[in-house]
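Structural characterization, general
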Amino acid sequence: MNIKGFGRGLASKCLEHGMPVFAGCLTQQGIESLRADARKSIGNGRSLDAFLMDVTSDESVGKVAKLLEEKCEKFGGLHAVVNNAGITGKHISDDFLDIKEYLKVAEINLWGPIRTTMSVKKLLKKARGRIVTVASICARVGLPGLGPYTVSKFGVSAYCDVIRQELRPFGISVHILEPGFFDTPLINRQKIDGEILEAWEQAPSEIKKEYGEKFFNDARQSSQLFLNTIASSNISLVIDAYFHAITSKYPRSRYQVGWDSILLFIPFSFLPTGIQDYIFAAAGLFLPKPACQ
């Protein structure tokens, strides 16, 4: 089966192991596609219950929560909720962004998981279940050019750290995934390049003058080079981490996934801030520079 993303891959793996799956999809097309994949992989989609859900909408999430209350009654609650929805936002310096970009990304990456988790907490308490949320290595290291994404992932990681302690008395465990860069629709190169171009076109003339067109063109190239170099196509690593978090007798509180997460970003995050700044400054010698420098 052609796996397009982490959520779809996890849904398929759970179905293959005979587990009932409730899948929230943003569009009807997504529902039909997921159902078709389920029929191909396990012969039928009877264990899959897919429905429309917009994590940015209180009304949408509330409707799904009521639906799950009915459907999970026979299971004695909900065993696990997986917060997987996310977007990267524009890959460009903060000078080219506005507050709307930060709000847009946070609405999905931060408020979405919080909204979803709070809506099903009652069901999780009944089953003494698990909360599994994808953060990122960007919840450990602030990468230049990924401001809105980094802010949202630091936030959702902090939320999980808080509720892990608060919900322990109820038998609920909380787990965070910290994957590196993987080739999924989240980092589609054409999409990212288009968003960078849009940010440049919408930037004030003063900012364009400060940075210069050469910076813009070099930034587009360096962004593509970075992703082509570091992104892994083996997304099964993330899917397996998700599956372990919801099925293992002894799941981990945090899962570092991918060679870049384990060998590069997580070790880097333990360095003193001064040393991190020195390394960033050294790396900056080889990165695009504003025209005003």
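Placed above this text is the structure.
Residues numbered from 1 in each chain as written. Predicted model: local features only at pLDDT ≥ 70, side-chain atom pairs only at ≥ 80, totals over all residues. Heavy atoms only, no water.

**Considering the nonpolar core**
Stated formally: For our purposes a nonpolar core is just a set of buried Ala, Val, Leu, Ile, Met, Phe, Trp, Tyr and Cys residues, chained together by side-chain atoms within 4.5 Å. When accessible area is computed with a 1.4 Å probe and restricted to protein chains, residues below 20% of their type maximum are described as buried, those above 50% as exposed, and intermediate ones as partly exposed. Counting from the N terminus, the helices are DSSP H or I runs at least four residues long and the strands are E runs at least two residues long. In this analysis, two residues are considered to be in contact whenever any of their non-hydrogen atoms come within 4.5 Å of each other.
Counting residues in each nonpolar core, the largest one holds 27 residues, and the members touching the most others are Val-21, Leu-34, Leu-48, Leu-177, Val-238 and Tyr-242. The set of elements that each furnish at least two residues to this core consists of α1 (6–16), β1 (21–25), α2 (28–42), β2 (48–52), β4 (130–134), α9 (236–247) and β6 (254–257). The greatest single-element share of this core, amounting to seven residues, is contributed by α9. In contact with Val-21, not counting residues within four places along its chain, are Ala-11, Cys-14, Leu-15, Ser-47, Leu-48 and Asp-49.

**Details of a nonpolar patch on the surface**
Applied cut-off: Residues with no salt bridge and a relative accessible area higher than 30% make up the patches, which join like charges within 9 Å and nonpolar side chains (Val, Leu, Ile, Met, Phe, Trp, Tyr) within 5 Å. Shrake-Rupley sampling with a 1.4 Å probe provides the accessible areas, and residues are treated as covered by the protein chains on show and by no other component. What makes a salt bridge here is a side-chain nitrogen of Lys or Arg within 4 Å of a carboxyl oxygen of Asp or Glu, nothing more.
A cluster of nonpolar side chains, contributed by Trp-259, Ile-262, Leu-263 and Leu-264, occupies part of the molecular surface with about 430 Å² of accessible area. The residue Leu-264 is located in helix α10 (residues 259–269) in this model. The exposure class assigned to Leu-264 is partly exposed, which follows from its relative accessible area of 39%.

**What to know about the pairing of β4**
For the record, the criterion: Pairing between strands is defined by DSSP: at least two bridges between them are needed. Note on handedness: a clockwise path from strand one over the helix to strand two, with the strands aimed away from the viewer, defines a right-handed crossover.
Across the five residues of β4, five count as buried, placing the element largely inside the fold. With burial as the criterion, each face of β4 is covered, one bearing Arg-130, Val-132 and Val-134 and the other bearing Ile-131 and Thr-133. Both strand β3 (residues 80–83) and β4 contribute to a ladder of four bridges, which runs parallel. Among the inter-strand pairings, Ala-80 is bridged to a residue of β4, identified as Arg-130. For the crossover that starts at β4, traverses helix α6 (residues 147–166) and ends in the parallel strand β5 (residues 173–179), the hand is right-handed.

**Observations concerning the packing of helix α3 (residues 58–71) against helix α5 (residues 111–127)**
In a pair of packed helices, the angle between the axes and the distance between the axes together describe the arrangement. Short version of the rule: In this description, a line fitted to the C-alpha atoms serves as the axis of each element, helices being fitted only across the stretch in contact, and the angle between N-to-C directions of two axes falls anywhere from 0 to 180 degrees. Any angle between 65 and 115 degrees counts as roughly perpendicular, while under 35 counts as roughly parallel, over 145 as roughly antiparallel, and the rest as oblique. For any helix crossing, the convention is left-handed if the near helix is rotated counterclockwise from the far helix by under a right angle, and right-handed if that rotation is clockwise.
One way to put it is that α3 packs onto α5 with a least axis distance of 10 Å and a crossing angle of 20°. Relative to α5, the element α3 lies roughly parallel. Two packed elements cross with a definite hand, and for α3 against α5 that hand is right-handed. Of the residues in α5, those in contact with Asp-58, Val-61, Ala-65, Leu-68 and Glu-69 of α3 are Arg-115, Thr-116, Ser-119, Val-120, Lys-122 and Leu-123.

**Notes on the pattern of salt bridges**
According to the stated counting rule, one finds 18 salt bridges in the structure shown. Among the ionic pairs, Asp-37 bridges to Arg-8, the shortest N-O distance being 2.8 Å. With Asp-37 in helix α2 and Arg-8 in helix α1, this residue pair connects regions lying 29 residues apart in the sequence. Exposure class is identical for Asp-37 and Arg-8. Each is buried. The shortest N-O distance in the salt bridge between Asp-240 and Lys-13 comes to 2.5 Å.

**A few points about the packing of helix α4 (residues 99–109) against α5**
To keep things clear, this is the line we draw: Amino acids are sorted into nonpolar (Ala, Val, Leu, Ile, Met, Phe, Trp, Tyr, Cys and Pro), charged (Asp, Glu, Lys and Arg) and polar (every other residue, Gly among them).
With their axes 3 Å apart at the nearest point, α4 and α5 run at an angle of 30° to one another. Looking at the two axes, α4 sits roughly parallel to α5. Residue-level inspection shows Ala-106, Glu-107, Ile-108 and Asn-109 of α4 in contact with α5, the latter providing Trp-111, Gly-112, Pro-113 and Arg-115. Each residue belonging to the contact of α4 with α5 can be placed in one class, and the counts come to four nonpolar, two polar and two charged.

**With respect to the packing of aromatic side chains**
Stated precisely, the cut-off is as follows: Planes of paired rings set the category: under 30 degrees apart is stacked, over 60 is edge-to-face and the rest tilted, where pairs are Phe, Tyr or Trp rings (Trp by its six-membered ring) whose centres lie within 6.5 Å. Two thresholds decide whether a charge sits over a ring: the Lys NZ or Arg CZ must be within 6 Å of the ring centre and within 35 degrees of the ring normal.
On inspection of all chains with the given rule, the structure shows 10 aromatic pairs. Taking 6.4 Å as the distance between ring centres and 5° as the angle between the ring planes, the aromatic pair formed by Phe-96 and Phe-215 counts as stacked. Remark: Phe-215 occurs in helix α8 (residues 205–230) and Phe-96 occurs in the loop between β3 and α4; sequence separation between them is 119 residues. Comparing Phe-96 with Phe-215 shows no difference in burial state: the two are buried. On the basis of an interplanar angle of 55° and a centroid distance of 6.3 Å, the ring pair of Phe-181 and Phe-265 is categorised as tilted. In this pair, Phe-181 is assigned in the loop between β5 and α7 (189–202) and Phe-265 in helix α10, connecting sequence segments 84 residues apart. Ring pairing ties together the aromatic residues Phe-96, Trp-200, Tyr-211, Phe-215 and Phe-216, which thus form one cluster. The cationic tip of Lys-13 hangs over the ring face of Phe-243; the distance from NZ or CZ to the ring centre is 5.1 Å. Positioned over the ring face of Phe-170 is Lys-125, at 4.1 Å from the centre of the ring.

**A look at the sheet that holds β3**
If you trace the four strands from one edge of the open sheet to the other, you get β3-β4-β5-β6, paired in parallel fashion. Two strands close off the open sheet at either side, each with one partner strand: β3 and β6. The sheet shows a mean angle of 15° between the axes of neighbouring strands, taken without regard to direction. Against the sheet, α5 engages β3 and β4, with an angle of about 175° to β3. Each of β4, β5 and β6 is contacted by α6, which is oriented at about 155° to β5, the strand it contacts most.

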